[in-house]
Amino acid sequence: MTVRSILNAKGADVATIDPRASLADAAHMLAARRIGAIVVKGPANSVAGILSERDIVRAVSTYGAASLDRTVDETMTREVVTCEAKDSINAVMEKMTAGKFRHVPVVDHNKLVGIISIGDVVKARLAQMESETRALQDYVAGS
Ligand code: AMP
């Protein structure tokens, strides 16, 4: 199973934000869209960074209420681990486990084309396991 199969099911929509936006704007977007991370846009649809709810919590803990006026650029993670549509879901799971993060943007020639969350990965793996179990049950019942 590949990243492409997840994107085909969930679509290519990705929440993005300008690096000059404030953390208050980012928090509003996360809450409104009920998501945990936003990709920070670079030139030509590239990925300049990623900002997750954890980054906002950390900023509030360090700077207090004033943190909400800080920019996304000051707070985001710049070294973003990405994947490609052809990658296997197992490879993405390994990246998430090794990096201890729950979101991986999908790129095609350095351009953002989607995002995979740990929830998407778990959903896909469950569906795969259920279909394998059904196939085995059918095989045993038919034999
Ligand atoms: P998350 O678990 O996705 O909420 O993110 C936890 C931390 O990892 C935050 O500091 C994020 O900015 C960072 N992060 C999230 N996704 C990635 C990624 N794909 N590559 C690098 N850092 C990430």
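First, a word on scope: everything that follows refers to the structure included in this document. (Residues numbered from 1 in each chain as written. Predicted model: local features only at pLDDT ≥ 70, side-chain atom pairs only at ≥ 80, totals over all residues. Heavy atoms only, no water.)

Along the backbone of the protein chain there are 6 helices and 5 strands. Of the regular secondary structure in the protein chain, the N- to C-terminal order runs α-β-α-β-β-α-α-α-β-β-α. Expressed along its principal axes, the backbone C-alpha trace of the protein chain runs to roughly 70 × 30 × 25 Å. Long-range pairs, those at least 24 residues apart, make up 56% of the contacts in the protein chain with a sequence separation of at least 6. When the accessible surface of the protein chain is split by element, carbon and sulfur atoms take 54% of a total near 8700 Å². Between the mean site of the 18 positive side-chain charges and the mean site of the 17 negative ones, the protein chain shows a separation of 1 Å. (Helix = DSSP H or I, 4+ residues; strand = E, 2+ residues; numbered from the N terminus. Contact = heavy atoms within 4.5 Å. Areas by Shrake-Rupley, 256 points an atom, 1.4 Å probe, with all protein chains shown as cover. Lys, Arg positive; Asp, Glu negative; His and termini not counted. Charge placed at Lys NZ, Arg CZ, Asp CG, Glu CD.)

This brings us to helix H6 (residues 118-142). Three- or four-residue spacings in an α-helix give side chains the same orientation, since the helix completes a turn every 3.6 residues. With 25 residues, H6 ought to run about 36 Å at 1.5 Å a step, and its terminal C-alpha atoms sit 36 Å apart, in line with that. Of all the positions in H6, only Asp 120, Val 121 and Ala 124 are classed as buried. Contacts made by the buried residues of H6 are with helix H1 (3-10), helix H5 (89-99) and strand S5 (111-117). (Expected span 1.5 Å × (residues − 1). Buried < 20%, exposed > 50% of the residue type's maximum accessible area, 1.4 Å probe, protein only.)

As a further point, take the site of the ligand. Residues in contact with the ligand amount to 14 residues; listed here are only the nearest, Ser 52, Asp 55, Thr 77, Arg 102 and His 103. Within the contact set of the ligand, an oxygen atom lies 2.5 Å away from a side-chain nitrogen or oxygen of Asp 55. A distance of 2.9 Å is found between a nitrogen atom of the ligand and a backbone nitrogen or oxygen belonging to Val 81. The protein chains hide 93% of the 480 Å² of surface that the ligand would expose on its own. Of all the secondary structure elements, the ones that give two or more residues to the shell around the ligand are strand S3 (47-52), helix H3 (53-63) and strand S4 (103-108). Within the shell around the ligand, the residues separate by chemical class into 6 nonpolar, 3 polar and 5 charged. (Near = heavy atom within 4 Å. Polar contact = N/O pair within 3.5 Å; in protein donor to acceptor, adjacent residues only side chain to side chain. Nonpolar A, V, L, I, M, F, W, Y, C, P; charged D, E, K, R; others polar.)

Okay, the environment of Ala 141 next. Within the secondary structure layout, Ala 141 lies in helix H6. Distance in space between the C-alpha atoms of Ala 141 and Lys 86 is 35 Å, their sequence separation being 55 residues.

This paragraph deals with the packing of helix H2 (residues 23-33) against H3. Interhelical geometry of H2 versus H3 gives an angle of 140 degrees and a closest axis separation of 11 Å. Classified by the angle their axes make, H2 and H3 are oblique. Of the two elements, H2 crosses H3, and the hand of that crossing is left-handed. Each of Leu 23, Ala 26, Ala 27 and Leu 30 in H2 lies in contact with H3, whose residues at this interface are Glu 53, Ile 56 and Ala 59. Of the residues contributing to the contact of H2 with H3, the split by class is 6 nonpolar, no polar and 1 charged. (Axes fitted to C-alpha atoms, helices over the stretch in contact; angles between N-to-C directions. Parallel < 35°, antiparallel > 145°, perpendicular 65-115°, else oblique. Left-handed = near helix turned anticlockwise from the far one by under 90°.)

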